Amino acid sequence: MNEPHDYFLDGEQLFSLLQQYAHVQWIWGVLSGFPRELSWEEIKGNSNCYDITMDQPYLKNGLCYIESQTVFELIALDSSETYVLIDDDAIISSLSSHFPHAERLESEFKKR
């Protein structure tokens, strides 16, 4: 991890970090989930580099994924807004039941 704002972690690395720092607050960042069948080379080779403190690629041309091959993305903005982009309606319903004050922006979200 050379640059704290630009790196990739696999699921095991992320889980390990969350075990060490269970009460971490995600202030700025993007968590992108990729299908297991994609290799690291495919993910890194096709990734986009954005500074979400300046750019807002997920809001350009309607709400959309930053990474084209993801199955979900969580976008945290300065602890004031969090966008959850996901295509699976069952997961959306489950998340909505745990976060009753969340606003659904599905009319703005461009599903694939």
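This is a predicted model, so every value here is computed, not measured.

J.: Looking at this structure, how should I read the overall build of the protein chain?
T.: Each helix and strand in the protein chain was counted, giving three helices and three strands. Reading the secondary structure of the protein chain in the N-to-C direction produces α-β-α-β-β-α. Burial statistics for the protein chain: of 112 residues in total, 19% are counted as buried. Once local pairs closer than 6 in sequence are excluded, the contacts in the protein chain between residues at least 24 apart make up 53%.

J.: Would you mind showing me how to read a nonpolar patch on the surface here?
T.: A surface patch of nonpolar side chains, amounting to about 390 Å² of accessible area, comprises L74, V84, I91, L95 and F99. Here I91 lies in helix α3 (residues 89-98). Residue classification places I91 among the partly exposed residues on the basis of a relative accessible area of 37%.

J.: What am I meant to see in the sheet that holds strand β2 (residues 72-77) here?
T.: Across a sheet, paired strands are connected by hydrogen bonds in the backbone, their directions being either parallel or antiparallel. In spatial order, the strands read β1-β2-β3; together these three strands make up an open sheet with antiparallel pairing. In the strand order of this sheet, the two ends are held by β1 (28-33) and β3 (81-86), each with one partner. Going across the sheet, the axis of each strand differs from the next one's by a mean of 5°, ignoring polarity. Relative to β2, β1 runs antiparallel, the two being bridged by six bridges. Paired with W28 across the strands is L77, a residue of β2.

J.: Is there a simple way to explain the side chain of T70 in this structure?
T.: As for its placement among the helices and strands, T70 is situated in the loop between α2 (40-45) and β2. Looking at T70, its side chain comes within polar contact range of the main-chain oxygen of E67, at 3.0 Å.

J.: Please clarify how the environment of E42 should be interpreted in this entry.
T.: Looking at the element boundaries, E42 is found in helix α2. The exposure class assigned to E42 is partly exposed, which follows from its relative accessible area of 35%. Along the chain, E42 and Q69 lie 27 residues apart, while their C-alpha atoms are 9.4 Å from each other. Every residue in contact with E42, bar those within four places of it in the chain, is listed here: E37 and Q69. In this structure the side chain of E42 is engaged in a polar contact, spanning 2.8 Å, whose partner is the backbone nitrogen of S39.

Definitions and cut-offs
Residues numbered from 1 in each chain as written. Predicted model: local features only at pLDDT ≥ 70, side-chain atom pairs only at ≥ 80, totals over all residues. Heavy atoms only, no water. Helix = DSSP H or I, 4+ residues; strand = E, 2+ residues; numbered from the N terminus. Buried < 20%, exposed > 50% of the residue type's maximum accessible area, 1.4 Å probe, protein only. Contact = heavy atoms within 4.5 Å. Patch = residues over 30% accessible without salt bridge, like charges linked within 9 Å, V, L, I, M, F, W, Y side chains within 5 Å. Areas by Shrake-Rupley, 256 points an atom, 1.4 Å probe, with all protein chains shown as cover. Salt bridge = Lys/Arg side-chain N within 4 Å of Asp/Glu carboxyl O. Pairing = 2+ DSSP bridges. Axes fitted to C-alpha atoms, helices over the stretch in contact; angles between N-to-C directions. Polar contact = N/O pair within 3.5 Å; in protein donor to acceptor, adjacent residues only side chain to side chain.

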